[in-house]
Amino acid sequence: MSTLPEAFATEPVRRLPGDLAMWCFILAELTLFAALIITFAVSQALNRQLFSAGRALLDRSTGLDMTLSLLSSGALIALGVVQVRKAAQRRGAYLLIAAFLSALVYVWIKSQEYWHLAHLGLNIERDTFFTLFWILTGLHFVHVLLGMLIIVCMSYTAWRGEFDPQAPSAIESGALYWHMVDLIWLMLFPVVYLING
Amino acid sequence: MANANAESRYLLWGWFALLILSLCIVQLGGGRGGGQVITAVLGIALIKAAVIIEQFMDMRHAPRLWRCLLHAWVAVLSLAIAVIMAL
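Here we summarise the structure given alongside this text. (Residues numbered from 1 in each chain as written. Chains lettered and ligands numbered in written order. Predicted model: local features only at pLDDT ≥ 70, side-chain atom pairs only at ≥ 80, totals over all residues. Heavy atoms only, no water.)

1. Here's the deal with the overall build of chain A
Here is step 1: Counting its regular elements, chain A contains 7 helices and 0 strands.
Here is step 2: Counted from the first residue to the last, chain A has its helices and strands arranged as α-α-α-α-α-α-α.
Here is step 3: With 197 residues in all, chain A has 53% of them scored as buried.
Here is step 4: A separation threshold of at least 6 residues defines the contact pool for chain A, and within that pool the share at least 24 residues apart is 81%.
Here is step 5: Element-wise, carbon and sulfur atoms account for 66% of the exposed surface of chain A, whose accessible area totals about 8,700 Å².
Here is step 6: Where the 12 positive side-chain charges of chain A centre and where its 13 negative ones centre are 5 Å apart. (Helix = DSSP H or I, 4+ residues; strand = E, 2+ residues; numbered from the N terminus. Buried < 20%, exposed > 50% of the residue type's maximum accessible area, 1.4 Å probe, protein only. Contact = heavy atoms within 4.5 Å. Areas by Shrake-Rupley, 256 points an atom, 1.4 Å probe, with all protein chains shown as cover. Lys, Arg positive; Asp, Glu negative; His and termini not counted. Charge placed at Lys NZ, Arg CZ, Asp CG, Glu CD.)

Below, the structure written as structure tokens:
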């Protein structure tokens, strides 16, 4: 039978990545988006034909391209954090710049989609589907833009070697914000683009 | 150094799994989906979210409460969507 200190010694050290303030912000954002996604689902359940018709006007392959660019960006940021933690900050900066470029692909595709829909007259006032589509994806888009600004700051700091590899909570907080944006898109994409209830 | 390389490989496998799952979800969804299709699409979304939370957000070494909170957000939201769509 092991003594109490021995039992504690075998327990792995559990640490919350990033700052507590960032986590509070992330929980608030997740709650907001959950409410919006549920609103979308309820509206769809009340008007299935309208939502089916609206969804048919969206391009699923565009949605897939945006998903792939966001996921690639998230992976590159996670790889960048690993490099900064092992004090290879310049290499971390390169990965963060690559993450920014991948995010830029998302912005380009999304902007093209918005331009195309607006050109067809499918704007926010068209019907309930497009009102919710523009609100949900627009709010997410704004979060992506803010995330890209954070990535630029992270890249610059890593480039100058100013992150402390022993206390990486600053870079982790920035990365967590971006992963939250990814997580929201993972739920938003099937609901808005794919599921015909 | 070896740990960092192993962690990078682990992240790359996660990224690859996410790409494959994204292709599957698009193939499954989009048509006139019945309950099974909706369940499958949301199930894949759940798995993808778990990969992001555990690997990208590095929550596998985090306190259980925070880990559970994040997983619960995805699970409750998926369940709510499935129930609403089924009504």
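2. Some details on the environment of Arg48 of chain A
Here is step 1: Note on placement: Arg48 of chain A falls in helix H3 (residues 48-56).
Here is step 2: For the pair Arg48 of chain A and Asn196 of chain A, spaced 148 residues apart in the sequence, the C-alpha separation amounts to 7.7 Å.

3. As for the nonpolar core
Here is step 1: If you look at the biggest cluster of nonpolar residues, it comprises 93 residues, and the most contacted ones within it are Trp23, Ile77, Phe133 and Tyr193 of chain A together with Met59 and Trp73 of chain B.
Here is step 2: For this core, the secondary structure elements donating two or more residues are helix H2 (20-46), helix H4 (60-85), helix H5 (89-119), helix H6 (128-159) and helix H7 (169-194) of chain A together with helix H1 (2-28), helix H2 (35-56) and helix H3 (64-86) of chain B.
Here is step 3: Ranked by residue count, the leading element in this core is H7 of chain A, at 18 residues.
Here is step 4: Not counting residues up to four positions away in its chain, the partners in contact with Trp73 of chain B are Leu30, Thr31, Ala34, Leu183, Ile184 and Met187 of chain A. (Core = buried A, V, L, I, M, F, W, Y, C linked by side-chain atoms within 4.5 Å.)

4. What about the interface of chain A and chain B?
Here is step 1: Every contact between the two is made by 49 residues of chain A and, on the other side, 49 residues of chain B.
Here is step 2: Counting the surface lost from both chain A and chain B, the interface buries some 4,400 Å², and carbon and sulfur atoms represent 75% of this.
Here is step 3: Together, Arg14, Leu183 and Met187 of chain A form the three largest contributors to the area buried by chain A at its contact with chain B, with a combined 15%.
Here is step 4: Here chain A and chain B share 2 salt bridges between them.
Here is step 5: Of the charged contacts in the structure, one is a salt bridge between Glu7 of chain B and Arg85 of chain A, with a shortest N-O distance of 3.4 Å.
Here is step 6: Secondary structure elements with two or more residues in the side of chain A that touches chain B: H2, H3, H4 and H7 of chain A.
Here is step 7: Of the residues forming the side of chain A that touches chain B, the biggest block, 13 residues, is contributed by H4 of chain A.
Here is step 8: Here the residues of the side of chain A that touches chain B sort into 31 nonpolar, 10 polar and 8 charged. (Buried area = accessible area lost by both parts, 1.4 Å probe. Salt bridge = Lys/Arg side-chain N within 4 Å of Asp/Glu carboxyl O. Nonpolar A, V, L, I, M, F, W, Y, C, P; charged D, E, K, R; others polar.)

5. A word on the pattern of salt bridges
It is possible for side chains bearing opposite charge to pair when their charged atoms get close.
Here is step 1: Under the defined criterion, the tally for this structure stands at 8 salt bridges over all chains.
Here is step 2: The shortest N-O distance in the salt bridge between Arg85 of chain A and Glu172 of chain A comes to 2.9 Å. Taken together, the residues Arg85 of chain A in helix H4 and Glu172 of chain A in helix H7 connect sequence positions 87 residues apart.
Here is step 3: Using a relative accessible area of 25% as the deciding quantity, one classes Arg85 of chain A as partly exposed.
Here is step 4: Among the ionic pairs, Glu162 of chain A bridges to Arg160 of chain A, the shortest N-O distance being 2.9 Å.
Here is step 5: We classify Arg160 of chain A as partly exposed; its relative accessible area is 48%.
Here is step 6: A single network of salt bridges, built from pairs that share partners, joins Arg15, Arg85 and Glu172 of chain A together with Glu7, Asp58 and Arg60 of chain B.

6. Quick look at H6 of chain A
All names here are of chain A.
Here is step 1: The first and last C-alpha atoms of H6 sit 46 Å apart over 32 residues, in line with the 46 Å expected at 1.5 Å per residue.
Here is step 2: For H6, the capping residue at the N-terminal end is Asp127, with a side-chain oxygen 3.1 Å from the backbone nitrogen of Phe129.
Here is step 3: Looking one or two places after H6, you find Gly161, whose phi comes out positive at around 70°. (Expected span 1.5 Å × (residues − 1). Polar contact = N/O pair within 3.5 Å; in protein donor to acceptor, adjacent residues only side chain to side chain.)

7. What to know about the environment of Val83 of chain B
Here is step 1: Turning to its location among the elements, Val83 of chain B is positioned in helix H3.
Here is step 2: When the C-alpha positions of Val83 of chain B and Thr39 of chain B are compared, they lie 10.0 Å apart, and in sequence the two are 44 residues distant.

8. What about the side chain of Lys48 of chain B?
Here is step 1: The residue Lys48 of chain B is located in helix H2 in this model.
Here is step 2: Put simply, Lys48 of chain B is tucked away with no salt bridge, and the nearest opposite charge, on Asp182 of chain A, sits 9.6 Å away.
Here is step 3: At 3.0 Å, the side chain of Lys48 of chain B and the side chain of Ser22 of chain B are in polar contact.
Here is step 4: If near-sequence neighbours (up to four positions away) are discounted, Lys48 of chain B is found in contact with Thr67, Leu71 and Leu186 of chain A together with Leu18, Leu21, Ser22 and Ile25 of chain B.

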